[in-house]
Amino acid sequence: MKLPTEIIEILREPELAPEGVYELEVEGVNGGVSQNGHSYRIVVDFQVTSGEYEGYKMKSVFAIYNPDNFTSQSIGGMLFRSMLLALGISESQITEEFDTDILIGRRLKGYVVKEKRVVNYPAHNRVSRYMPLTARCEREIDKAE
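Asks: In this structure, what is going on with the pattern of salt bridges? I would like to understand it.
Replies: In total, this model carries four salt bridges according to the counting rule given. Residue K59 is joined to D45 by a salt bridge in which the shortest nitrogen-to-oxygen separation is 3.3 Å. Residue K59 is located in strand β3 (residues 57-65), and its partner D45 is located in strand β2 (residues 40-48); the two are separated by 14 residues in the primary sequence. Judged by its relative accessible area of 47%, K59 falls in the partly exposed class. When the shortest N-O distance is used, the salt bridge between R126 and E115 registers 2.6 Å. One end of the pair, R126, is in strand β5 (residues 124-131); the other, E115, is in strand β4 (residues 107-115), and eleven residues separate them in sequence. The exposure class of R126 is partly exposed, given its relative accessible area of 34%. With a relative accessible area of 25%, E115 lands in the partly exposed category.

Here is the structure:
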């Protein structure tokens, strides 16, 4: 039996953007309880807005609350705050009335890395650092010189 082209495309590893700094725009924000029911995660969908990979999509997953894993919770909270600050949201704006919908359409720079395939997860890009659009990072400075 030969597999249909659609199935072959699904089975292939996705094309990943190379590691580097990209301008990203928030396309969506969703949250909910994880599959194990013990943690709360926020998922932010991004799209690259310029360069060779313009239009490429990626997401960041933040473990915001996890009573079973304090380290994961601390890292998730720190990264989410870092992203909010890069998007121009001050800590004083984060109250019970804060609505993540205000993030949609906002832009930032993200340092993107490649994550290798692990058991149940395909290879994917992950944003490891968040910076305001006005920031110049070391790699951009090196290229300019």
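Asks: Help me out: how do you make sense of the packing of aromatic side chains in this one?
Replies: The description of an aromatic ring pair rests on the distance of the ring centres and on the angle between the ring planes. As enumerated under the stated definition, the model contains five aromatic pairs in all. Relative to Y53, the ring of Y22 has its centre 6.3 Å away and its plane inclined at 90°; by these criteria the two rings are edge-to-face. Of the two residues, Y22 sits in strand β1 (residues 20-33) while Y53 sits in the loop between β2 and β3, which places them 31 residues apart along the sequence. For the pair Y22 and Y53, one class covers both residues: buried. A ring pair is formed by F46 and Y130, whose centres lie 6.4 Å apart and whose planes are at 35°; its orientation type is tilted.

Asks: Sorry if this is basic, but what is going on with the sheet that holds β4 here?
Replies: Remark on secondary structure: sheet strands pair via backbone hydrogen bonds, oriented parallel or antiparallel. The five strands lie next to each other as β3-β2-β1-β4-β5, forming an open sheet whose pairing is antiparallel. Strands with a single pairing partner mark the edges of an open sheet, and in this sheet they are β3 and β5. Looking at each pair of strands side by side, their axes are set apart by 45° on average, direction ignored. By the bridge criterion, eight bridges tie β2 to β3 in an arrangement that is antiparallel. Counted as the bridge partner of Y40 is Y65 from β3. Along the sheet, helix α2 (residues 70-86) makes contact with β2, β3, β4 and β5, crossing β3 at roughly 125°.

Cut-off values and rules
Residues numbered from 1 in each chain as written. Predicted model: local features only at pLDDT ≥ 70, side-chain atom pairs only at ≥ 80, totals over all residues. Heavy atoms only, no water. Salt bridge = Lys/Arg side-chain N within 4 Å of Asp/Glu carboxyl O. Helix = DSSP H or I, 4+ residues; strand = E, 2+ residues; numbered from the N terminus. Buried < 20%, exposed > 50% of the residue type's maximum accessible area, 1.4 Å probe, protein only. Phe/Tyr/Trp six-rings, centres within 6.5 Å; stacked < 30°, edge-to-face > 60°. Pairing = 2+ DSSP bridges. Axes fitted to C-alpha atoms, helices over the stretch in contact; angles between N-to-C directions. Contact = heavy atoms within 4.5 Å.

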